[in-house]
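Report on the structure
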Amino acid sequence: MKLTLFDLDHTLLSGDSDVLWCEFLIREGALDSDSFAARNADMEARYQAGTVGVEEFADFYLGTLTGRTPEDLEALRQTFLVDWIVPRIPASAVDLVGRHLDAGELVVMTTATNRFITELTALYFGIEHLIATEPQVVGGLFTGRSTGVLNMREGKVRRLHDWLKARGHQLRDFKSTAYSDSINDLPLLLAVDRAVAVDPDAGLRKESLERSWEILQLVR
């Protein structure tokens, strides 16, 4: 059996879903630019450098949902998908995912971005299985916090093992491949049989060259 894992941001998507969501909400007047714009840029820079704290990262972006119901935000996330996400999805990324799906592999999108923002993107790619950071909902409202293990760095590996276990499998049952752009995903890439660096950042490019991993450049 073959298992193929895809990171989303800067891998299948030419951009970062969390960062774009924040910019989108500011543009829509749903977030205050003075409060969020500078912190958004800072969070993006430290994430790309691999230095941002996992909880800090998750809490900042989940904070954009605080006090609202999923229904309150549904129209916004539909607009976000159509106007901000789909135009940033390269045809080469759709083709890459499609080849793995057509081969009958178990294909999973695994992303540090929360499920509410990313589940429509997974569906756009035709990917049924999504492992993402889970936003907490209490009394029907987003709290701005997460539940469970954050799906980032070592958390991606833990969440993958838990997901497979719930399906009656282990990672060793599969011939596994993971695609990512980010040094933050080094733990996941080390855990699989085949690691592919997609337009990698500087840290991941260095690791990929040292480990003789495949480096893939998508047409964007």
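Refer to the structure presented above.
Residues numbered from 1 in each chain as written. Predicted model: local features only at pLDDT ≥ 70, side-chain atom pairs only at ≥ 80, totals over all residues. Heavy atoms only, no water.

Considerations on the sheet that holds strand β2 (residues 106-114)
Across the sheet, seven strands lie side by side as β4-β3-β2-β1-β5-β6-β7; this open sheet has mixed pairing. The open sheet terminates on both sides in strands that have one partner only, identified here as β4 (141-147) and β7 (214-216). Along the sheet, successive strands turn relative to each other by an average axial angle of 30 degrees, direction set aside. Bridging between strand β3 (residues 129-138) and β4 involves four bridges; their strand directions are antiparallel. Among the inter-strand pairings, V137 is bridged to a residue of β4, identified as F142. Here helix α9 (residues 202-211) sits on the sheet and contacts β5 (175-180), β6 (194-198) and β7; the angle it forms with β7, its principal contact strand, is near 140 degrees. (Pairing = 2+ DSSP bridges. Helix = DSSP H or I, 4+ residues; strand = E, 2+ residues; numbered from the N terminus. Axes fitted to C-alpha atoms, helices over the stretch in contact; angles between N-to-C directions. Contact = heavy atoms within 4.5 Å.)

Structural notes on the nonpolar core
Within soluble globular proteins, side chains that are nonpolar tend to cluster in buried spots. Among the nonpolar cores identified, the biggest contains 49 residues, and L12, F57, F80, M109 and F125 are the most heavily contacted of them. When sequence neighbours within four positions are dropped, the list of residues in contact with F80 reads S17, L20, W21, F24, I85 and I117. Counting 20 residues, the second largest nonpolar core, distinct from the first, contains L3, I131, L186 and V192. (Core = buried A, V, L, I, M, F, W, Y, C linked by side-chain atoms within 4.5 Å. Buried < 20%, exposed > 50% of the residue type's maximum accessible area, 1.4 Å probe, protein only.)

Description of the packing of aromatic side chains
Scanning the model with the defined rule gives 11 aromatic pairs in all. Ring geometry for F60 against Y61: centres 4.8 Å apart, planes inclined by 75 degrees, an arrangement best described as edge-to-face. F60 gets classed as buried once you look at its relative accessible area, which sits at 4%. Residues Y124 and F125 carry aromatic rings whose centres are separated by 6.1 Å and whose planes lie at 90 degrees to one another, so their mutual orientation is edge-to-face. In this structure F125 comes out as buried when scored by relative accessible area, which is 8%. Grouped by ring-pair contacts, the aromatic residues F36, Y47, F57, F60 and Y61 constitute a single cluster. A cation sits over an aromatic face here: R77 above F116, 4.5 Å from the ring centre. (Phe/Tyr/Trp six-rings, centres within 6.5 Å; stacked < 30°, edge-to-face > 60°. Lys NZ or Arg CZ within 6 Å of the ring centre and 35° of its normal.)

Considering the side chain of H129
Along the chain, H129 falls in strand β3. For H129, a relative accessible area of 15% corresponds to the buried category. Excluding residues that lie within four positions of it along the chain, H129 makes contacts with L106, V107, V108, M109, W163 and R167.

Focus on the pairing of β3
Of all 10 residues in β3, seven are buried; the element is thus mostly enclosed. Bridge count for β2 against β3 is five bridges, and the pairing is parallel. Residue pairing for β3: T111 is matched across the bridge by A132. One crossover worth recording links β2 to the parallel β3 by way of helix α6 (residues 115-125), and it is right-handed. Counting the residues between successive antiparallel strands, the hairpin from β3 to β4 contains two residues, one of them, G139, with a positive phi of roughly 60 degrees. (Right-handed = clockwise from strand over helix to strand, strands pointing away.)

Scope: geometric values only; no functional claims are made or implied.
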